Every structure is written in structure tokens, then in C-alpha cells.
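Commentary on secondary and tertiary structure
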Amino acid sequence: MAKITYIEHGGQKHEIEVANGLTVMEGAVQNDIPGIDADCGGSMACATCHVYVKEDWFPKLPNKETGEDDMLDQAYEPKANSRLSCQITVSDELNGLVVHLPEKQV
Amino acid sequence: MIKTDALIIGAGPTGLFCAHQLGIIGLKCEIVDNLDKIGGQCIELYPDKPIYDIPAIPECTGEELTNNLIEQIKPFNINFHLSDRVQEIKKEKENWRVKTLNGKEFLTPNIVIAGGVGSFEPRKFPTKSADKFDGKTVLYSIKDKTIFRDKSVVIFGGGDSALDWAIELSKSSKVTLIHRRDEFRGAQSSVDKVKELQKNNKLEIFTKYSIKDVKGNGKLESVEIKDDDGNSKLISADYVLGFFGLIMQLGPILDWGLNIDKKTIPVNTETFETNKQGIFAIGDICTYPGKLKLILSGFHEGALAARGCFKYARPDEKLRFEFTTTSKAVQNRLGLKND
């Protein structure tokens, strides 16, 4: 279990307890957090679960999956700390993770 | 104007198999898709990726699955209307009058929406200033490459489209290629070619840069790019091209008075009809308790929606349930010769 903070583009914060094994994307979708679309359902075939990981957290996350950067190329305003939230699996180590949501996904 | 028993929106696996099921029960259909090819997400997003959960097919790629479905519906001679999008629908007595972007019209008692997550549209630049040049000097696809002759063209993107056009246009234009990271995702041979052209001063490449602003008063003059540290650079440009892949948008479907729940359309699970009579939704675009976004679920949904279409297409007939193994009528529809 990890407490994850999702911050919408407008500043609205959502602190959610997400079970281990789920992805950061699923944590958002299951809790109706606006700003994560996840059109492809987590198959890394779109870039609509794009998040900006808080700078100090970014290096602590497991490395990007093969192909993740290719999809991020196609995201809305990708930055150096961009990730696809469907590729981040929640574990105890992620307790306290903060992700910012982009202005829009599509 | 084309009269048909059912109009299917979306030529992905779900739409194709629904067409098969309509054919099996003796109904005609037409299929509209805004991509220029058949196959939907399977062909656009993952043509080469293997799929492992199609019943009785241990492994096949998106392209193979599509080709097999096309083969399977061949007996029904279904018309495809590609590179077109259904724009407007209007109820006319028992029918829906359907208009497409390209001006085609259909009259049909049934519309089956098998639109996946929406129609594919190019992703545009996030900068508002790019909008006023959109379609004129800021472009996301190329119809006529001769307009770029002897012009300065700035290309954004790291995939095959960006690389291929950078190579092609460098022959007769001043090309600058800009990508947000050092690695390109396009074919290695294209990456090598682009780097060779750069070495020979045939084109310029800036990596780890993204667009900041598009400048020009009436006429496009330059594009400003920025790196991760906020340093910016101004590049003069007659044309700016963006190749960031495709996004999926529901588009006009949102305006048809259908119930929409988080970009999906609620349906009943008996016929997959929506809140509008004669409009069905199947595949990724529909939702109901227990919905799985799997191709196999789309097949099931298409089979039931086809039966749902029957009562509106043949109000005076009763649908008989038949097997393809034994029914002479079905085998005739499949074009099989009975001894």
C-alpha cells in the first residue's frame, strides 16, 4: 500500500491509498481522479495517462519500460520528468509519491 | 444516398466481426472509418505486436488478425468508406439519415458504433500561437510536397513520419528537425540517413528541444524552441510540421444525444443498444457492468448487436437461430456450394 498524491493541473490535490500491484494509472482511474484518461487501458498504446513525476521522486522510480519514451514522444507537452502512469507499479517503496497531471491528455 | 440495413462506424476487429454476423443473418451493411485503412487500433497502434488472447489463435499480430477478419467477411462484399467520418445523424421515421464529412449519405434503421476510443486525429502543437497558422503553414500531414520547394521547413517529432519527411524534403528545402530527446523512435536506417544528412550539412537537427512559440504577423516567420532548462532559440521558418502521432477523439458522436460515461457509451447487454433506438455500441466504446476491453468481448458484443439490428431491419420477420455448420441458408450467404 502506498499513499500517492495526484495534483491536477489546476492545483487540486487528491491523496489516495493505492494497493500494491496496481499501477499509478489504475489508482487514479479507480478513484475517479480527473486528468488521467488511459484510453488504451494500460497497454502502452497511447499516451493519455501521462504524468509529471515530482522531481525528487523521478530518479527513485524503476526505469522506464522499453517503448515508454516512444509513446511519451506523442504525449501532450512531455518533459524530462514525464512518465506513463500505467507503467509505474505501486509498491510500499512508492509511499508518498507525488505526480502532477498535465493540462490535458489529448 | 445509400440504403442499407446497418451502418457500422469503425473498421476495427469489432466492427469487422459485427459485419460478419450481420451477413450471416442476411443483413447488408456498410462500414465507415476515418483511417485510410481497415483494422482500427490493431493496424494503427500495434500492427506488428503479437496478440495472445484471441480464442483458438495462440498468437497473431494486429495486422494478421485484421487480414483474417477481412478474409472472413469477403463473401458478404461489404462496402468500406475509408478516410471518412460520420458527422451528423438524424431520425427519419424508422430510419437514421447519416451524413459523413465527405458528403456521403446513408439511410439505415441501424447504426452500430464500433468506434474504439474515437477517431484518430493528429496530435497538434500545444502552443496556442500555432493555431492561427493551422492548415496553412503549420501542418500535421502533407498532401502536396511541392509547396515546400526552396522554403525553410521546421519538422518536429522523432518517429518515422518526421524522419521520412525530413529526408525527403531535405532534397529541395532547408530542413530543421527538432525532437524532445536524443533517441529517435523511427527505423534505424532512417535515423542513420538523417544523421548522415546532418553531417553533410543537408539538414539541421536540434534534440532535447520542444516548441515554445510560433511567431509571425499574418505570415509565419519563425518558430521559437526551448530546452529543458528553459533556454530558447529562434529558427526562421516558412512552414512548421508536427508529427506527434495520433490521438483518439470521440468527435461528433458526443453530439448525438447518447448517454456518455467517461468517453464510453452505456448499453444494455442483451442487444448492445444505447439509449437511442436503433443505435448500438460495441467494443471499447461501450460500457456495462463487467465490461472487459478485449477484442474477444467485442466479437461477442458484435454478434448480439447484429441480432439486435434484425428487428429494425426486418420488422415483419422473425429471426431464426441457425448454425453455420448445418444451415443451408447461412451457407448460401457464405457463398458455399451445397451438394
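Please read these numbers as outputs of a predicted model, since none were measured by experiment. One numbering rule holds for all chains: residues counted from 1, following each sequence as written. Each chain is given a letter, starting from A, and each ligand a number, starting from 1, according to the order in which they appear as written. pLDDT decides what is reported in this predicted model: residues at 70 or higher carry local features, side-chain atom pairs at 80 or more are listed and counted, and totals for whole chains, interfaces and linings draw on all residues regardless. For side-chain calculations, the full set of non-hydrogen atoms in the structure is used, while hydrogens and water are omitted.

Further remarks concern the overall build of chain B. Scanning chain B from N- to C-terminus turns up seven helices and 23 strands. Overall, chain B is about 70 × 40 × 40 Å in size when its C-alpha atoms are taken along their principal axes. Sorting the 339 residues of chain B into buried and exposed places 51% on the buried side. Looking at chain B alone, contacts between residues at least 24 apart form 57% of all its contacts between residues at least 6 apart. Exposure was quantified through the Shrake-Rupley algorithm and a 1.4 Å probe, taking into account, for residues, occlusion by the shown protein chains and nothing else. Summed over all atoms, the accessible surface of chain B reaches about 16,800 Å², with 48% contributed by carbon and sulfur. Each charge class in chain B can be summarised by its mean position, and for the 49 positive and 46 negative side chains these summaries are 3 Å apart. Helix and strand definitions here come from DSSP, where helices need a minimum of 4 consecutive H or I residues and strands a minimum of 2 consecutive E residues; each element is numbered from the N-terminal end. Between buried and exposed lies partly exposed: a residue is buried under 20% and exposed over 50% of the maximum accessible area for its type, with that area taken using a 1.4 Å probe on protein chains only. It only takes one pair of heavy atoms within 4.5 Å for two residues to be counted as in contact. Think of it this way: Lys and Arg go in the positive column, Asp and Glu in the negative one, and His and the chain ends go nowhere. A charge is said to be at NZ when it belongs to Lys, at CZ for Arg, at CG for Asp and at CD for Glu.

Across the contact, 20 residues belong to chain B and 21 residues belong to chain A. Both sides together, the interface formed by chain B and chain A hides about 1,800 Å², and carbon and sulfur atoms give 43% of it. Salt bridge, as used here: a side-chain nitrogen of Lys or Arg that lies within 4 Å of a carboxyl oxygen of Asp or Glu. The tally of links between chain B and chain A comes to eight salt bridges. A salt bridge links Arg 185 of chain B to Asp 73 of chain A; the nearest nitrogen and oxygen atoms lie 2.8 Å apart. In protein, a polar contact requires one atom able to donate a hydrogen and another able to accept it; more generally it is a pair of N or O atoms within 3.5 Å, and residues adjacent in sequence count only if both atoms are side-chain atoms. Counting the contacts that link chain B with chain A gives twelve residue pairs in polar contact (both at pLDDT 80 or more). Broken down by element, the residue count for the side of chain B that touches chain A peaks at four residues, all from strand β20 (residues 246-249) of chain B. Here the term charged refers only to Asp, Glu, Lys and Arg, the term nonpolar to Ala, Val, Leu, Ile, Met, Phe, Trp, Tyr, Cys and Pro, and the term polar to all other amino acids, Gly among them. Here the side of chain B that touches chain A is built from residues that sort into seven nonpolar, three polar and ten charged. Joining two parts hides part of their accessible area as seen by a 1.4 Å probe, and the buried area is that hidden amount summed over both.

What follows covers the state of the cysteines. What is meant by a disulfide is a covalent connection between two cysteines, made through their sulfur atoms. The term disulfide is used for any two cysteine sulfur atoms that are within 2.5 Å. Tallying each qualifying case throughout the model produces zero disulfides over all chains. Left without a disulfide partner, Cys 29 of chain B is nearest to the cysteine sulfur of Cys 18 of chain B, which lies 7.1 Å away.

Attention now moves to a nonpolar patch on the surface. All names here are of chain B. The residues that make up patches have over 30% relative accessible area and no salt bridge, and they are joined within 9 Å when like-charged or within 5 Å when they are Val, Leu, Ile, Met, Phe, Trp or Tyr. On the surface, a nonpolar cluster with roughly 230 Å² of combined accessible area is contributed by Leu 292, Leu 294 and Leu 296. Along the chain, Leu 296 turns up in helix α6 (residues 295-313). Residue Leu 296 is classed as partly exposed on the basis of its relative accessible area, which comes to 35%.

Residues and elements named next belong to chain B. DSSP calls a pair of strands paired once it identifies at least 2 bridges connecting them. Here we have five strands laid out as an open sheet, ordered β12-β19-β13-β14-β15, and parallel in their pairing. The open sheet has two edge strands, β12 (138-139) and β15 (203-207), and neither has a second partner. Pairing of β12 with strand β19 (residues 239-242), which is carried by two bridges, proceeds in the parallel orientation. By the bridge assignment, Val 138 is partnered in β19 with Val 240. Running over the sheet, helix α5 (residues 188-199) touches β14 (174-179) and β15 and is turned about 115 degrees from β15. Interaxial angle, 0 to 180 degrees, is taken between N-to-C directions of lines fitted to C-alpha atoms, where a helix line uses only the stretch in contact.

Attention now moves to the packing of aromatic side chains. Residues and elements named next belong to chain B. Each pair of aromatic rings taken from Phe, Tyr and Trp, with Trp reduced to its six-membered ring, is defined by centres within 6.5 Å and is described as stacked if the planes are under 30 degrees apart, edge-to-face if over 60, and tilted in the remaining cases. Summed over the entire model, instances satisfying the criterion amount to nine aromatic pairs over all chains. When the ring of Phe 148 is compared with that of Tyr 239, the centres are 4.8 Å apart and the planes differ by 80 degrees; the resulting orientation is edge-to-face. Residue Phe 148 is located in the loop between β12 and β13 (152-156), and its partner Tyr 239 is located in strand β19; the two are separated by 91 residues in the primary sequence. Both residues of the pair, Phe 148 and Tyr 239, belong to the buried class.

With that settled, consider the sheet that holds strand β22 (residues 279-281) of chain B. All names here are of chain B. On the basis of which strands lie adjacent, the open sheet formed by five strands has the order β6-β3-β2-β10-β22 and parallel pairing. Every other strand in the sheet has two partners, leaving β6 (79-81) and β22 as the edge strands with one partner each. When the angles between neighbouring strand axes are averaged without regard to direction, this sheet yields 20 degrees. Relative to β6, strand β3 (residues 29-32) runs parallel, the two sharing three bridges. Each residue of the ladder has a partner; that of Val 32, found in β6, is His 81.

Before going further, it helps to spend a moment on the side chain of His 179 of chain B. One can find His 179 of chain B in strand β14. The buried category is assigned to His 179 of chain B, whose relative accessible area is 3%. For His 179 of chain B, the side chain forms a polar contact with the side chain of Asp 73 of chain A, separated by 3.4 Å.

With that settled, the discussion passes to the confidence of the model for chain B. On average, residues of chain B score 95 in pLDDT, and 99% of them reach the 70 mark or higher. What the predictor reports for the complex is a pTM of 0.79 with an ipTM of 0.84. A residue's pLDDT is simply how confident the predictor is in it, with values from 0 to 100.

Here we take up the nonpolar core. Looking at soluble globular proteins, one finds that nonpolar side chains tend to be buried together. Buried residues of nine kinds, namely Ala, Val, Leu, Ile, Met, Phe, Trp, Tyr and Cys, make up a nonpolar core once their side-chain atoms join them within 4.5 Å. Ranked by internal contacts, the top residues of the largest apolar core, which has 59 residues, are Ile 8, Leu 22 and Ile 113 of chain B. Sort the elements by how many residues they give to this core and α6 of chain B lands first, with seven residues. One finds Cys 49, Ala 75, Leu 84 and Cys 86 of chain A within the second-largest nonpolar core, a separate group that totals 29 residues.

Moving on: the side chain of Ser 297 of chain B. Within the secondary structure, Ser 297 of chain B is located in helix α6. Ignoring any residue separated from it by four or fewer positions in sequence, one finds Ser 297 of chain B in contact with Lys 291 and Leu 292 of chain B.

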